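What the coordinates show
These are the residues of each chain, in order.
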Amino acid sequence: MRLFVALSLPEPVREQLGAFEDGLPGARWVPEDNLHLTLRFIGEVDGGVARDIDSCLAEIAMPAFEASFDRLDTFGDGRNLRALWVGVASPNEPLLRLQAKVEKAVVRAGLAPESRKFTPHVTLARFSRNNGRVPADKMQAYLSQNARLRIGPVQFDRFTLFSSVLHRDGSIYTPEADYPLERPLAVGQL
Ligand code: 3AM
């Protein structure tokens, strides 16, 4: 199975993000239902490793937390433009802590450590090298028109292990397991 760990987004948030999926010729927009915040891409693993990953993820204990989204940015630019994404307002210490715990858990399950720096984001669009080239002025216009993007705060009370099946016209993501985060204590419960 091809797996990744992510935060699912509530439907109203996916709808708010989906409203920005317009006005950029050449973009392959991520379908609203597929929008998510990746914590760790795992890739292809066999059933035994998948079970080990599941048990290590299930041991993670952390309170639920919030995150807001406050900017648009890209991975790569010009000819090397790869993705357009919405970024999480920083600092967000709980989100980084969760990502570090997920990283530790998958390494404990036998995976090689991730060397790339974690940039918490939700991918809105991807661009193909050959036919997806977006002129720099079009991208600039899109980014400045949408600079007002502010979404959240969004409450995250779980994270999810997804499987991904690649298809020519998009990926199919299936939630395989949910891992609840602890409910923060309400005032007066202390
Ligand atoms: O959340 P984003 O969109 O940044 O691009 C894929 C997506 O990231 C990424 O895993 C997330 C869930 O599909 N992904 C796919 N293949 C990958 C690979 N070979 C990969 N990340 C790293 N290496």
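Just so it is clear, the model here is predicted, and its values are computed rather than measured. (Residues numbered from 1 in each chain as written. Predicted model: local features only at pLDDT ≥ 70, side-chain atom pairs only at ≥ 80, totals over all residues. Heavy atoms only, no water.)

This paragraph deals with the overall build of the protein chain. Broken down by element type, the protein chain carries four helices and nine strands. For the protein chain, the sequential pattern of α-helices and β-strands runs β-α-β-β-α-β-β-α-β-α-β-β-β. In summary, the protein chain has a C-alpha radius of gyration of 17 Å against a globular reference of 16 Å for 190 residues, a match within 12%. Projected onto its principal axes, the C-alpha coordinates of the protein chain cover approximately 50 × 45 × 25 Å. The proportion of buried residues among the 190 residues of the protein chain is 42%. Put simply, of all contacts in the protein chain between residues at least 6 apart along the chain, 75% involve residues at least 24 apart. Of the roughly 10900 Å² of accessible surface on the protein chain, a fraction of 50% belongs to carbon and sulfur atoms. Computed over 23 positive and 24 negative side-chain charges, the inter-centroid distance for the protein chain is 6 Å. (Helix = DSSP H or I, 4+ residues; strand = E, 2+ residues; numbered from the N terminus. Rg over C-alpha atoms; globule rule 2.2 N^0.38 Å. Buried < 20%, exposed > 50% of the residue type's maximum accessible area, 1.4 Å probe, protein only. Contact = heavy atoms within 4.5 Å. Areas by Shrake-Rupley, 256 points an atom, 1.4 Å probe, with all protein chains shown as cover. Lys, Arg positive; Asp, Glu negative; His and termini not counted. Charge placed at Lys NZ, Arg CZ, Asp CG, Glu CD.)

Here we take up the site of the ligand. With respect to spatial proximity, the complete set of residues near the ligand consists of Arg-2, Phe-4, His-36, Thr-38, Phe-41, Arg-116, His-121, Thr-123, Arg-126 and Tyr-173. A distance of 3.1 Å separates a nitrogen atom of the ligand from a polar side-chain atom of Arg-2. The contact in question runs from an oxygen atom of the ligand to an N or O atom on the side chain of Thr-38, over 2.5 Å. Those elements giving two or more residues to the shell around the ligand turn out to be strand E1 (2-8), strand E3 (36-44) and strand E6 (121-126). (Near = heavy atom within 4 Å. Polar contact = N/O pair within 3.5 Å; in protein donor to acceptor, adjacent residues only side chain to side chain.)

Turning next to the nonpolar core. If you look at the biggest cluster of nonpolar residues, it comprises 54 residues, and the most contacted ones within it are Leu-39, Leu-57, Phe-69, Leu-98 and Phe-159. If sequence neighbours within four positions are ignored, Leu-98 has contacts with Leu-7, Leu-39, Ile-60, Met-62, Phe-65, Phe-159 and Leu-181. (Core = buried A, V, L, I, M, F, W, Y, C linked by side-chain atoms within 4.5 Å.)

On to the side chain of Asn-92. Within the element layout of this structure, Asn-92 appears in the loop between strand E5 (83-88) and helix H3 (93-108). On the accessibility criterion, Asn-92 (10% relative accessible area) is buried. Of the polar contacts made by the side chain of Asn-92, one reaches the backbone oxygen of Glu-66; its length is 2.9 Å. Of the polar contacts made by the side chain of Asn-92, one reaches the backbone nitrogen of Leu-95; its length is 3.0 Å. When sequence neighbours within four positions are dropped, the list of residues in contact with Asn-92 reads Phe-65, Glu-66 and Ala-67.

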